[in-house]
Amino acid sequence: AHLLRGRLEEYVEIADDFVITQQLAPEFALGTPIGDLRLRRNYGVHVTGVRHPGGTWQIALPEVALQRGDHILVAGNRRDADNFARLPCTDDLDG
């Protein structure tokens, strides 16, 4: 498991250069439907699952908008996933 400034909660290596991470949603993504974020084009990753605070995990459908405190599952190559995890998240702004 990797830990980048407390953001990554889980880090699973699927292959030599492909990982799935569990992390807090980045601040820039809040309030925008996942499908409109163009994450694959802009960051090389896919958000595959979302858990709103107090909720259960759900598939990250394109129309789902991320909220403050959401936990997300992110899939991508190691470099892109690590870079995505370094983006400012809601915890950075709270403290």
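Before any of the text, the structure's been laid out above.
Notes on the structure follow. (Residues numbered from 1 in each chain as written. Predicted model: local features only at pLDDT ≥ 70, side-chain atom pairs only at ≥ 80, totals over all residues. Heavy atoms only, no water.)

Description of the overall build of the chain
If you tally the helices and strands in the chain, you get three helices and five strands. Listed by position from the N terminus, the elements making up the chain come as β-β-α-β-β-β-α-α. Within the span of the chain, comprising 95 residues, buried residues form 38% of the whole. Residue pairs in contact within the chain that sit at least 24 positions apart in sequence constitute 61% of those at least 6 positions apart. Taken as a whole, the chain presents about 5,400 Å² of accessible surface, with 50% of it coming from carbon and sulfur. (Helix = DSSP H or I, 4+ residues; strand = E, 2+ residues; numbered from the N terminus. Buried < 20%, exposed > 50% of the residue type's maximum accessible area, 1.4 Å probe, protein only. Contact = heavy atoms within 4.5 Å. Areas by Shrake-Rupley, 256 points an atom, 1.4 Å probe, with all protein chains shown as cover.)

Here we look at the packing of aromatic side chains
Evaluated as defined, the whole model comprises three aromatic pairs. Pairing Phe28 with Tyr43 gives two aromatic rings, centres 5.3 Å apart and planes at 35°, and the pair type is tilted. Here the residue Phe28 occupies a position in the loop between strand 2 (18-24) and helix 1 (39-43), and Tyr43 occupies one in helix 1, the gap between them amounting to 15 residues. Relative accessible area serves as the criterion here: at 36%, Phe28 is assigned to the partly exposed category. Its relative accessible area of 30% is what places Tyr43 among the partly exposed residues. (Phe/Tyr/Trp six-rings, centres within 6.5 Å; stacked < 30°, edge-to-face > 60°.)

Thoughts on a nonpolar patch on the surface
A cluster of nonpolar side chains, namely Val12, Ile14, Phe18 and Ile20, defines an oily patch on the protein surface of about 310 Å² accessible area. Of all the secondary structure elements, the ones that give two or more residues to the nonpolar patch are strand 1 (8-15) and strand 2. Among the secondary structure elements, Ile20 is positioned in strand 2. (Patch = residues over 30% accessible without salt bridge, like charges linked within 9 Å, V, L, I, M, F, W, Y side chains within 5 Å. Salt bridge = Lys/Arg side-chain N within 4 Å of Asp/Glu carboxyl O.)

What about the nonpolar core?
The biggest cluster of nonpolar side chains holds 14 residues, and the ones touching the most others in it are Ile34, Val47, Val50, Leu66 and Ile72. Within the residue set of this core, elements represented by two or more residues are strand 3 (45-51) and strand 5 (71-77). Ranked by residue count, the leading element in this core is strand 3, at three residues. Not counting the four nearest positions on each side in its chain, Val47 is found in contact with Ile34, Leu39, Ala60, Ile72, Leu73 and Val74. (Core = buried A, V, L, I, M, F, W, Y, C linked by side-chain atoms within 4.5 Å.)

Things to note about the environment of Ala60
With respect to the helices and strands, Ala60 occurs in the loop between strand 4 (58-59) and strand 5. In this structure, Ala60 is in contact with Ile34, Val47, Thr48, Gly49 and Val50, ignoring residues within four places of it in sequence.

Looking at unusual backbone geometry
The backbone of Arg38 shows a phi angle near 55°, a positive value even though the residue is not glycine. By the element assignment, Arg38 lies in the loop between strand 2 and helix 1.

Geometric values such as these leave the question of function open.
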